[in-house]
Amino acid sequence: MTTGIVIAAVVAILLGSTLQRLSGTGVGLVVAPVLALLMGPALGVFVTNSTTVVSGFLIMLAVIKDVNWKRYLIFLPMALLGAIPAAFMVREIEAAWLNIVIGSVVLISLALTFGAPRVPHIQSHALTGITGLVGGFLNTSAGVAAPAMVMYSKFSRWNQRSFAATMQPTFMTMGLFSVGTKLAVGATTIDQLPPWWLFPIIVVTVIAGIRIGAWSAKKVSMDAARRVAITLAGMGGAVTVIRGMVMLA
């Protein structure tokens, strides 16, 4: 793994962690397409999943009093059910198509997350469970669960403070399910993992991003932070789709 790849990955993880601390989401949207380009789609999403485990856990410690554990416990089993078929899909699908899937999910996610009109008020345990199922599938296959969760928050009129807090243990758990299922079915093997020293770097970078996010909350507008993240995520998603199409040609 070259120095350039490590630096680019650190920048993406730092920005994603900062936005995650500001708004509750961000790591998957920003990091997944960048790491898919740098490391290949399967390994890139695997490292993204590992990053969400770290960021979710650390941010959760700061916002734990606002977590809605009732909703989290509904998400939990359904996310696992979604992760299992996604892990098999990652194992079987070729790299070119996986690039297209990841990039497309990111681009559609941006459109849904930041451009969706007002939706009707729907609140039910069934909708919560379906959201966990879809989120678990998307997180394992593309490293991006936020769109399903954000759309659910719009339908349920979920308070932003509670939503952002609850997403931290949710993303942490989805990340664990994604990593575990992909290792279990052989979608990613131990031999394919990046050097061990990359993971301590990820932890340090996430901590730095969280601290910058906490400081930025008092200094920088949410809109400005989102614009930067959307731009990077959109560019990464588009390039990932194009790369996949070129690989198929």
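Residues numbered from 1 in each chain as written. Predicted model: local features only at pLDDT ≥ 70, side-chain atom pairs only at ≥ 80, totals over all residues. Heavy atoms only, no water.

Enquirer: Which parts of the structure should I look at to understand the overall build of the protein chain?
Expert: Looking only at helices and strands, the protein chain features 10 helices and 0 strands. Overall, the C-alpha framework of the protein chain stretches about 45 × 40 × 30 Å when taken along its three principal axes. The proportion of buried residues among the 249 residues of the protein chain is 53%. Expressed as a percentage of contacts within the protein chain between residues at least 6 apart in sequence, the contacts between residues at least 24 apart total 87%. In the form shown here, the protein chain has an accessible surface area of approximately 10800 Å², with 71% of it arising from carbon and sulfur atoms. (Helix = DSSP H or I, 4+ residues; strand = E, 2+ residues; numbered from the N terminus. Buried < 20%, exposed > 50% of the residue type's maximum accessible area, 1.4 Å probe, protein only. Contact = heavy atoms within 4.5 Å. Areas by Shrake-Rupley, 256 points an atom, 1.4 Å probe, with all protein chains shown as cover.)

Enquirer: Looking at this model, I keep getting lost on the side chain of Ser156. Mind explaining?
Expert: Mapping Ser156 onto the fold places it in helix H7 (residues 146-156). When its relative accessible area of 3% is taken as the criterion, Ser156 is described as buried. Among the polar contacts listed, one links the side chain of Ser156 to the backbone oxygen of Tyr152, at a separation of 2.8 Å. The residues contacting Ser156, other than those within four sequence positions of it, are Arg71, His121, Ile122 and Gln123. (Polar contact = N/O pair within 3.5 Å; in protein donor to acceptor, adjacent residues only side chain to side chain.)

Enquirer: Any chance you could explain the nonpolar core here in plain terms?
Expert: Here is a general trend for soluble globular proteins: nonpolar side chains tend to be buried in one another's company. Among the nonpolar cores identified, the biggest contains 33 residues, and Met149, Met167 and Phe171 are the most heavily contacted of them. Sorting the residues of this core by element identifies helix H2 (27-39), helix H4 (69-92), helix H5 (95-115), helix H6 (125-142), H7 and helix H8 (160-185) as the ones contributing at least two each. If you tally residues by element for this core, the top one is H8, at 6 residues. Membership of the second largest hydrophobic core comes to 17 residues, among which are Ile13, Val63, Leu198 and Val206. (Core = buried A, V, L, I, M, F, W, Y, C linked by side-chain atoms within 4.5 Å.)

Enquirer: Explain the side chain of Thr18 to me, please; I cannot follow it from the model alone.
Expert: Of note, Thr18 is situated in helix H1 (residues 3-23). Overall, Thr18 belongs to the buried group, its relative accessible area being 11%. Of the polar contacts made by the side chain of Thr18, one reaches the backbone oxygen of Gly209; its length is 3.3 Å. Not counting residues up to four positions away in its chain, the partners in contact with Thr18 are Gly209, Ile212, Gly213 and Ser216.

Enquirer: Could you clarify how one ought to interpret unusual backbone geometry in this entry?
Expert: Leaving glycine aside, a negative phi is the common case for residues, and trans is the common case for peptide bonds. Although it is not a glycine, Arg157 adopts a positive phi angle of roughly 55°. Owing to a relative accessible area of 33%, Arg157 belongs among the partly exposed residues under this scheme.

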